[in-house]
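# Notes for the structure review
Now for the letters of each chain:
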Amino acid sequence: MSTQGLRGAAVVAGLGAWLPPRVVDNEEISRYLDTSDEWIRARTGIGERHVVDPGMSTVDLAVEAGRRALDSAGPGAIDAVLLATSTADQLCPGSAPQVASRLGLNGVAALDLNAVCSGFVYALATGGGLIASGVAGRVLVIGADVFTSLIDPQDRSTVPIFGDGAGAVVLREGTADEPGALGPFDLHSEGELAELLWVAAGGAKQRTSENRSDYFLAMQGTAVFRHACARMAESARTVLDKAGWQVCDVDRFVGHQANIRILQVAAKQLGLPPESVVANIEHTGNTSAASIPLALADAVTDGTLVTGHKVLLGAFGAGLTWGSTVLTWPDVKPG
Ligand code: COA
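Below, the discussion takes up the site of the ligand. In the neighbourhood of the ligand, 23 residues make up the surrounding shell, with T35, R43, R156, G221 and N259 lying closest. At 2.6 Å, a side-chain N or O of T35 approaches a nitrogen atom of the ligand. A distance of 2.7 Å is found between an oxygen atom of the ligand and a side-chain nitrogen or oxygen belonging to R43. The fraction of the free accessible surface of the ligand (960 Å²) that becomes covered by protein chains is 70%. Listing elements by their share of the shell around the ligand, those giving two or more residues are α2 (37–44), α6 (221–243), α7 (260–270) and β12 (310–317). At four residues, α6 tops the list of elements feeding residues into the shell around the ligand. Grouping the constituent residues of the shell around the ligand by class yields eleven nonpolar, eight polar and four charged. The residue makeup of the shell around the ligand includes at least three contributed by each of domain 1 (9–174) and domain 2 (185–328).

As a further point, take the domain arrangement of the chain. In terms of domain boundaries, the chain breaks down into domain 1 (9–174) and domain 2 (185–328). Each of domain 1 and domain 2 was reduced to a C-alpha centroid, and the two centroids are 14 Å apart. Contacts between domain 1 and domain 2 engage 48 residues on the former and 41 residues on the latter. Here domain 1 meets domain 2 over a buried area of about 3,400 Å², counting both sides, of which 66% is carbon and sulfur. Broken down residue by residue, the surface that domain 1 buries against domain 2 is led by C117, V121 and Y122, which jointly contribute 18%. Joining domain 1 to domain 2, the criterion identifies two salt bridges. Those elements that place two or more of their residues in the side of domain 1 that touches domain 2 are β1 (7–18), α2, β3 (48–50), α5 (119–132), β6 (138–146) and β7 (164–175). In terms of residue class, the side of domain 1 that touches domain 2 is made up of 26 nonpolar, 14 polar and eight charged.

Reading the values: rules and limits
Residues numbered from 1 in each chain as written. Predicted model: local features only at pLDDT ≥ 70, side-chain atom pairs only at ≥ 80, totals over all residues. Heavy atoms only, no water. Near = heavy atom within 4 Å. Polar contact = N/O pair within 3.5 Å; in protein donor to acceptor, adjacent residues only side chain to side chain. Areas by Shrake-Rupley, 256 points an atom, 1.4 Å probe, with all protein chains shown as cover. Helix = DSSP H or I, 4+ residues; strand = E, 2+ residues; numbered from the N terminus. Nonpolar A, V, L, I, M, F, W, Y, C, P; charged D, E, K, R; others polar. Domains from an automatic or database assignment. Contact = heavy atoms within 4.5 Å. Buried area = accessible area lost by both parts, 1.4 Å probe. Salt bridge = Lys/Arg side-chain N within 4 Å of Asp/Glu carboxyl O.

Here it is, written out as structure tokens:
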């Protein structure tokens, strides 16, 4: 098939992931909160999560994952670094320039993108746009979050769910018909529902609060659960239509790892078989913008995801935000 008119596609050329070494299992949480391993596993599918040690930050995690993605991609200049995160090291400036510097990429374009747990899919679309418009030839896209920094250690509704981590891909310019080319995107938001999942204080609207809990993530879990299932399934249908794929074409569904039940319900609503669902949440918890590249890296490493598989990526997060894309998995392994 002629590739005329197909140039300018963004193609996945490298993959990397990194989790901080400290593991906190459900038993440890159950020692100081009124919860149990049984409850957490049954309601979320989570058994343990990785948590940063004091002094370790989002930039540290992003650098580790970014370096591994660059190793995986091999030599070649990087023109831009996109960091999907909602836990930047400082409120201002964004953290992407510091990540770029630490990776030896001083001088390249670098910016943060905050779409919370949907951030990685949004950043893939943005990186693809930089490539399609000719602004960049190769882009490092990182999803990294220290979400535990937003969690009230006394809140049993959020502590068991979240963990820290980072994942990254290198995108290069290529053609739309080659393996690894990002397919169409479907991206959405619904800001009216921001309060379902937010940190009320510390930002420009409410710099300070006398209420300690305003500085931590407040989550209306049941409502978020309902929206996540419906939106992920709806967006997946849209993106499959745009790509000209049938549901039965999908070999692997790599969705945002928020709750194993959300992934299962979304897959069922779509008509995807349970074995197509990629899940590493048992060992990571919800790592926000890092979750999709972490799941990709784990799936490639354990052989669940292989070259040639048709992959559906689906994300949902605070904002609210959600989105999907598709690709055929290329011959790329984590660095
Ligand atoms: N341990 C034990 N019991 C807990 C608990 C915990 N950690 N957290 C809540 N409970 C209790 C509740 O108090 C409630 O008790 P009650 O029936 O006596 O009132 C009961 O468990 C059920 O709570 P509910 O909130 O209805 O449970 P749920 O089945 O909705 O599961 C979540 C809670 C948070 C796991 C689930 O709503 C969820 O995953 N939501 C989506 C969260 C998410 O994905 N956020 C990020 C989006 S990117």
